[in-house]
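Descriptive analysis of the structure
Okay, here's what each chain looks like letter by letter:
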Amino acid sequence: MLSKKHEQLLEKFLGERDVKDSSKVVYKNSFVRLIKLCFGESKKKYILSQKESAVLEIVNASDLKLNSKIDILKIYRSLLDITDKPHIKTDDVLNVLFKEKDEFQSTKNIEQLEKSNLTFQMINDILNESTGLNYILLYILVNYNVRNKDLIIKHTTKDAVDEHVKTHDIEGNVIYKLNGSYIYIRNDYKTKSRYGMLKNVIKDSKFIEAMDKTPPDEMLFKNKSGTPYSNLNINKLIGSVFSVNDSRLTNVNQQLIYKIIVDHYELMNDNNALKKIAQNRPHTRATQELQYSTRPNIFDDSI
């Protein structure tokens with residue numbers, strides 16, 4: 001249980017954030033963890049009455065993992081910020097931790113790419129050799145750099161969704177034919193609250209031919225028993241497309257594909273392409289470089 005002052009502070013902190021309830025739970029857990037780390041079960045002390053350096057020393061000296069330290073210090077920084085208290089020292093510590101995390105993630109990404117046996121050229125070769133739903137799947141992954149959730153798509157018709165598309169209140173992700181092309185609408189994806197509904201017009205002839213053979217009013221990607229894939233298991237479908245082509249290509253997923261694409265354009269020093277694929281996913285360039293790059297840098301912790 002938190003003290004009354006800490007409950008009020010938590011309420012103020014959460015009240016300033018327009019986020020989902022699930023995110024509020026994560027914030028609350030980090031807040032409680034910060035308080036318990038500093039004071040144990042004591043309710044007599046107040047986090048904002050402590051010296052900034054003292055709180056930082058406690059967190060740094062703890063045996064928490066790197067990500068946990070970052071999470072609770074981000075909460076602490078926000079608490080200082082919303083109460084107009086200085087947080088320069090916290091910023092400095094966070095920058096050091098972000099750099100450490102960045103270097104660790106870059107090394108991890110390098111190892112993952114080396115172990116995968118998959119290259120940018122192989123991805124494109126398998127895409128070009130694929131047909132039907134496999135081609136549709138890989139085309140979307142390679143050209144729109146999507147996550148799993150974006151691939152949960154219903155094949156529908158313009159008449160069924162037109163009004164909803166206009167008002168941006170369409171349910172889920174859909175694809176439909178219009179004027180000889182296919183319109184791919186994403187309205188259920190990880191960063192939707194920040195970027196809103198996304199629309200792509202697909203004019204690729206091979207994609208159109210494959211889509212024309214899929215039944216409308218059904219989910220696009222289903223397993224052999226006809227059950228639609230979910231964002232939790234569609235990596236099985238992605239992996240099977242690659243393992244069928246090359247038995248060495250095990251455990252291929254959308255994140256690996258994205259990292260390989262990012263790595264390719266980083267090697268080419270093509271910043272325009274990197275910016276474009278970040279917009280496709282979508283997330284910030286800072287997130288792209290922090291989480292998916294093989295080259296360590298220092299960035300803010302954007303979505």
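Remember, predicted model here, so these are calculated numbers, not experimental data.

1. Some words on empty space enclosed by the protein
Going through the model one piece at a time under the given rule, you end up with one cavity of 30 Å³ or more. If you add up the space inside the largest cavity, you get close to 30 Å³. Taken together, Leu151, Ile152, Ile153, Met219, Leu220, Phe221, Pro228, Tyr229 and Ile234 make up the lining of the largest cavity. Partitioning the lining of the largest cavity into residue classes produces nine nonpolar, no polar and no charged.

2. Examining the confidence of the model for the protein
Summing up the model confidence of the protein, the mean pLDDT is 92 and the portion of residues at 70 or higher is 97%. Within the model, the stretch residues 298–303 combines pLDDT values under 50 with 21 contacts to residues more than four positions away or in other chains.

3. Observations concerning helix 13 (residues 271–280)
Every buried residue of helix 13 is listed here: Ala273, Leu274, Ile277, Ala278 and Asn280. One face of helix 13 carries all of its buried residues, which in axial projection span an arc of 155°. Residues of helix 13 that are buried sit in contact with helix 7 (132–144), strand 3 (181–186), strand 4 (198–202), helix 12 (254–267) and helix 14 (285–292).

4. As for the pattern of salt bridges
Per the stated rule, a full pass over the model turns up twelve salt bridges. Where Arg186 meets Asp150, a salt bridge forms, and the shortest distance between an N and an O atom there is 2.9 Å. With a gap of 36 residues between them, Arg186 in strand 3 and Asp150 in the loop between helix 7 and strand 1 (153–155) connect regions that are remote in the sequence. For Arg186, a relative accessible area of 2% puts it in the buried group. Note that Lys222 and Glu218 form a salt bridge whose closest N and O atoms lie 2.4 Å from each other. Note on Lys222: relative accessible area 31%, which makes it partly exposed. Several salt bridges converge on common partners, so that one network encompasses Lys158, Asp162, Glu163 and Lys166.

The rules we used
- The residue numbers shown here count from 1 along each chain, following its written sequence.
- Totals for whole chains, interfaces and linings use every residue, but because this is a predicted model, local features are given only for residues with pLDDT of at least 70 and side-chain atom pairs only at 80 or more, for both listing and counting.
- Side-chain measures were taken over the full set of non-hydrogen atoms in the model, leaving aside hydrogen atoms and water.
- For cavity detection a 1 Å grid was placed over the protein atoms alone, and a set of points counts as a cavity when a 1.4 Å probe fits there but cannot get out; an open set counts as a pocket when protein lies on both sides within 12 Å along at least five of seven lines, with lining residues being those that have an atom within 4 Å of a point.
- Grid points are joined across faces, edges and corners, and a volume is the space filled by probe spheres set on the points.
- Residue polarity follows a fixed list, in which Ala, Val, Leu, Ile, Met, Phe, Trp, Tyr, Cys and Pro are nonpolar, Asp, Glu, Lys and Arg are charged, and the others, Gly among them, are polar.
- Summary of the metric used: pLDDT quantifies the predictor's per-residue confidence within the range 0 to 100.
- A contact between two residues is defined here by any heavy atoms of the two lying within 4.5 Å.
- Only protein chains enter the accessibility calculation, which uses a 1.4 Å probe. A residue is then buried if its area is under 20% of the maximum for its type, exposed if over 50%, and partly exposed in between.
- Secondary structure elements follow DSSP: runs of H or I of four or more residues count as helices, runs of E of two or more count as strands, with numbering from the N terminus.
- Note that the arc is defined by the directions from the helix axis to the C-beta atoms.
- Here, a salt bridge means any Lys or Arg side-chain nitrogen found within 4 Å of an Asp or Glu carboxyl oxygen.

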